[in-house]
Amino acid sequence: MDPAHHRPRLQHGDAGLDRRQRRPPRIGEDLDANLSALQWTVNAYTLALAGLILLGGSLGDRYGRRKIFVIGVVWFAAASLLCGLAPNAGFLIAARTFQGIGGALLTPGSLALIQASFHPDDRARAVGLWSGFGGIGAAIGPFLGGWLVDGPGWRWVFLLNVPLALLCVPIALRHVPESGDGSKHGRFDVLGAALGALSLALVTYALIEARDGSLVIAVTAVAGVAAGIAFLYVEKRRPDPMMPLDIFASRQFTAVNLVTVCVYAALGGFFFLAALQLQVVSGYSALQAGTALLPTTVLMLLFSARSGALAGKIGPRIPLTVGPLVSAAGLLLMLRVGPDASYVADVLPAVFVFGVGLVTLVAPLTATVLASVNVARAGLASGINNAAARAAGLIAVAALPLLAGHERGGLPVAGRLRQRVRTGDAVVCRDHGRRLGNRFCHGTHPAPGLPQTGMPPPRLDHFAAAGGGAEQVPAGGEGEG
């Protein structure tokens, strides 16, 4: 047979090989990073952010919210540059830790600046707009991050933060008024800040690794709780504490933070299990599963400002009662999603009803947290609410695989999938892409008021090519830590 007969197929194969050869190396390949190192590129950021977020809010109240916000943006951009230039995995993990510090400085300040800058009649609507535009970032960030990984290369996911920061800083300096708590003039509470950061970091780490159930994790959790008790003791005795305990004397502030814990535990559990249900049970691709949840983001974008404005007129009691009930109805509708689920008949009604509940709930919840304390403490209030929301989500994601997983090979299936999803370097870039998208829209990270509904879950079969392959996960479940 004439060899020319095979030429088109051979040329097509050569083209595919050429594309593979020209594909930018992924993090695992480029930095020769193993599974544990890839996981710590995610955990390092999470621990630094969670551990220091209270401190970030307090520093903003004390020394100026705009000042700390701008410092956080510059710090984050510098750390992003280091991430993009990382020569090895250890350097990248250290840079991600510094990124988390920058995130902790700027995250509470964004909402506190809104609270301090807007007239009281306009604050609820402004918070609603903040939530809605944040939904755009949650939607476009993962797609942008995925495109950068598959195109220019993973380093650009980090490097793109630098020009965004150069744009953000002059706008903040020119158009955002400075604000803070003018009554704080004493020495800063260094001991309280250290104990608070230690407690949050230890508890967060224990929650991240809770599925392992090892003695080390148990000791870490106990140490985190002990540090938290010591923190409360120190704050009670200090004349000028970082977190004055009388902030919880407001029944509304305390109640709304308890609602935050319940709501964000449900949110974390829903988006974690929905991603697995749609992909593993219903056979959706990663992109289809992510797109299936986008109606919630669209609803948030279109109606969050109106929801916040309505709550400002009628008060928070009705939205904070009706919103969770409607969201719960959406969760119950998800029970209809099975192996042969139709998107229009089964998935869309559940996602739509859940989104309506979030629209009703989220903006009023965030606005009420900030309105329940004096404006001088807005940064601290935002930090406390952020910490509560993050802890709730971590608790849900840590507990649900144990409660809902079916045993296979000594490890719950849900836990096995969670392990694979969390440890590939695709997670690092797509998670960072989501954050990048949020900064593009309103200069901050996901926080209370910003459900991350647009994130397409990473493909479970993608990690082998990514250098942190799912195939490398030991059958017995070791290796996640």
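Residues numbered from 1 in each chain as written. Predicted model: local features only at pLDDT ≥ 70, side-chain atom pairs only at ≥ 80, totals over all residues. Heavy atoms only, no water.

1. Section: the overall build of the protein
Selection rule: Here a helix means four or more residues in a row that DSSP labels H or I, a strand means two or more in a row labelled E, and each is numbered from the N terminus. The contact definition used throughout considers only heavy atoms, calling two residues in contact when any of these lie within 4.5 Å. Per-residue and other accessible areas follow the Shrake-Rupley method at a 1.4 Å probe size, with only the shown protein chains counted as cover for residues.
Along the protein, the regular secondary structure elements total 19 helices and two strands. Here the analysis covers contacts within the protein between residues at least 6 apart in sequence; of these, 83% occur between residues at least 24 apart. Summed over all atoms, the accessible surface of the protein reaches about 20,600 Å², with 67% contributed by carbon and sulfur.

2. A closer look at the packing of aromatic side chains
Put simply, the rule is: Working definition: a ring pair exists when centres of Phe, Tyr or Trp rings (six-membered ring for Trp) sit within 6.5 Å. Plane angles under 30 degrees give stacked, over 60 give edge-to-face, the rest tilted. Exposure is judged per residue with a 1.4 Å probe applied to protein chains only, and the accessible area is read against the type maximum: over 50% gives exposed, under 20% gives buried, and values in between give partly exposed.
One pass over the full model with this rule turns up seven aromatic pairs. With a centroid separation of 5.6 Å and 55° between ring planes, the pair formed by phenylalanine 248 and phenylalanine 253 is classed as tilted. A residue is classified by how much of its surface remains accessible, and phenylalanine 248, at 34% relative accessible area, is partly exposed.

3. Considering the environment of leucine 325
Inspection of the secondary structure puts leucine 325 in helix H14 (residues 317-333). Separated by 29 residues in sequence, leucine 325 and phenylalanine 354 place their C-alpha atoms 9.5 Å apart.

4. Some remarks on the layout of surface pockets
The cut-off we apply is this: The method works on a 1 Å grid over the protein atoms by themselves. A cavity is a set of points holding a 1.4 Å probe that cannot get out, a pocket is an open set with protein on both sides within 12 Å along at least five of seven lines, and residues with an atom within 4 Å of a point line them. Grid points are joined across faces, edges and corners, and a volume is the space filled by probe spheres set on the points. Each residue is assigned to one of three groups, with Ala, Val, Leu, Ile, Met, Phe, Trp, Tyr, Cys and Pro labelled nonpolar, Asp, Glu, Lys and Arg labelled charged, and all others, Gly among them, labelled polar.
Considered as a void within the structure, the second largest pocket measures approximately 700 Å³ in volume. Together, 29 residues line the second largest pocket, and Leu54, Leu200, Ala387, Ala388 and Ala391 are the ones closest to its centre. For the lining of the second largest pocket, the secondary structure elements donating two or more residues are helix H3 (35-63), helix H9 (190-208), helix H10 (215-237), helix H11 (251-281) and helix H16 (378-404). In terms of residue count, H16 provides more of the lining of the second largest pocket than any other element does, eight residues in total. Taken together, the residues of the lining of the second largest pocket break down into 21 nonpolar, seven polar and one charged.

5. Here we look at the pattern of salt bridges
The test is simple: The salt bridge criterion pairs a side-chain nitrogen of Lys or Arg with a carboxyl oxygen of Asp or Glu, the two atoms within 4 Å.
Enumeration over the complete set of coordinates arrives at six salt bridges. Between arginine 155 and aspartate 30 there is a salt bridge, with the nearest N and O atoms lying 3.1 Å from each other. Within this pair, whereas arginine 155 is found in helix H7 (residues 155-159), its partner aspartate 30 is found in helix H2 (residues 27-31), the two being separated by 125 residues in sequence. The partly exposed category is assigned to aspartate 30, whose relative accessible area is 31%. For aspartate 240, the salt bridge identified is with arginine 62, shortest N-O distance 3.4 Å.

6. Overview of the confidence of the model for the protein
Using the following cut-off: Per residue, pLDDT captures the predictor's confidence, and it can take any value from 0 to 100.
Per-chain confidence: the protein averages 74 in pLDDT, with 74% of residues scoring 70 or above. By mean pLDDT, the top-scoring element of the protein is helix H4 (residues 65-84) (93), and the lowest-scoring one is helix H19 (residues 463-466) (29). Low pLDDT (under 50) marks residues 433-481, which in the prediction has 187 contacts with non-local residues, meaning those over four places away or in another chain.

7. Overview of a nonpolar patch on the surface
For clarity, the threshold we go by: Each patch is built from residues lacking any salt bridge and having more than 30% relative accessible area; the joining distance is 9 Å for like charges and 5 Å for nonpolar side chains (Val, Leu, Ile, Met, Phe, Trp, Tyr).
On the surface, a nonpolar cluster with roughly 510 Å² of combined accessible area is contributed by Leu129, Phe133, Val298, Leu301, Leu302 and Phe303. Breaking the nonpolar patch down by element, the ones donating at least two residues are helix H6 (120-150) and helix H13 (294-314). Considering every element that reaches the nonpolar patch, the biggest residue donor is H13, with four residues. Tracing the backbone through its elements, the reader meets leucine 302 in helix H13. Given the relative accessible area of 46%, leucine 302 is considered partly exposed.

8. Focus: the environment of alanine 371
Considering the arrangement of structural elements, one finds alanine 371 in helix H15 (residues 343-371). On the accessibility criterion, alanine 371 (53% relative accessible area) is exposed. Along the backbone, alanine 371 and alanine 124 are 247 residues apart, and their C-alpha atoms lie at a distance of 8.9 Å.

9. Re H9
For an α-helix, 3.6 residues make a turn, and residues three or four places apart therefore share a direction. What counts is decided by this rule: An expected span of 1.5 Å times one less than the residue number is assigned to each helix.
With 19 residues, H9 should reach 27 Å at 1.5 Å per residue; the first-to-last C-alpha distance of 27 Å fits that figure. Along H9, the residues classified as buried are Gly192, Ala193, Leu195, Gly196, Ala197, Ser199, Thr204, Ala206, Leu207 and Ile208.

10. Quick word on the packing of H3 against H9
Quick reminder of the rule: Lines are fitted to the C-alpha atoms to define the axes, a helix being fitted only along its stretch in contact, and any angle between axes, read from their N-to-C directions, falls within 0 to 180 degrees. A clockwise turn of the near helix away from the far one marks a right-handed crossing, whereas an anticlockwise turn of less than a right angle marks a left-handed crossing.
At a closest axis distance of 8 Å, the pairing of H3 and H9 adopts a crossing angle of 145°. For the crossing formed where H3 meets H9, the hand is right-handed. On the side of H3, the interface is formed by Trp40, Asn43, Thr46, Leu47, Ala50, Gly51, Leu52, Leu54 and Leu55, while H9 contributes Ala193, Gly196, Ala197, Leu200, Ala201, Thr204, Tyr205 and Ile208. Residue composition of the contact of H3 with H9, by class: 12 nonpolar, five polar and no charged.

11. A closer look at the nonpolar core
For soluble globular proteins, nonpolar side chains are generally found buried alongside one another. Threshold: What we call a nonpolar core is a set of buried Ala, Val, Leu, Ile, Met, Phe, Trp, Tyr and Cys residues that are connected through their side-chain atoms within 4.5 Å.
Grouped together as the largest cluster of nonpolar side chains are 47 residues, with contacts concentrated most on Phe253, Tyr264, Leu267, Phe270, Leu278, Val347 and Ile384. Where this core is concerned, the elements lending two or more residues are H3, H9, H10, H11, helix H12 (286-292), H13, H15 and H16. By residue number, the principal contributor to this core is H15, which donates 10 residues. Within the second largest apolar cluster, 15 residues are counted, among which are Ile53, Phe69, Val169 and Ala387.

12. Describing the environment of alanine 328
Of note, alanine 328 is situated in helix H14. Separated by 22 residues in the primary sequence, alanine 328 and alanine 350 have C-alpha atoms spaced 9.9 Å apart.

13. Concerning H10
The end-to-end C-alpha distance of H10 is 33 Å, a good match for the 33 Å that 23 residues give at a rise of 1.5 Å each. Taken as a whole, H10 has its buried residues at Ile217, Thr220, Gly224, Ala227, Gly228, Phe231, Val234 and Glu235. In this structure, the buried side of H10 is in contact with H9.

14. So, the packing of H3 against helix H5 (residues 89-117)
What counts, and what does not: An angle below 35 degrees is read as roughly parallel, one above 145 as roughly antiparallel, one from 65 to 115 as roughly perpendicular, and any other as oblique.
Close contact between H3 and H5 brings their axes to 6 Å; oriented N to C, the two are set at 25°. Regarding the angle of H3 to H5, the classification is roughly parallel. Regarding H3 and H5, the two cross each other, and that crossing is right-handed. Grouping the amino acids of the contact of H3 with H5 by side-chain chemistry returns 17 nonpolar, eight polar and one charged.

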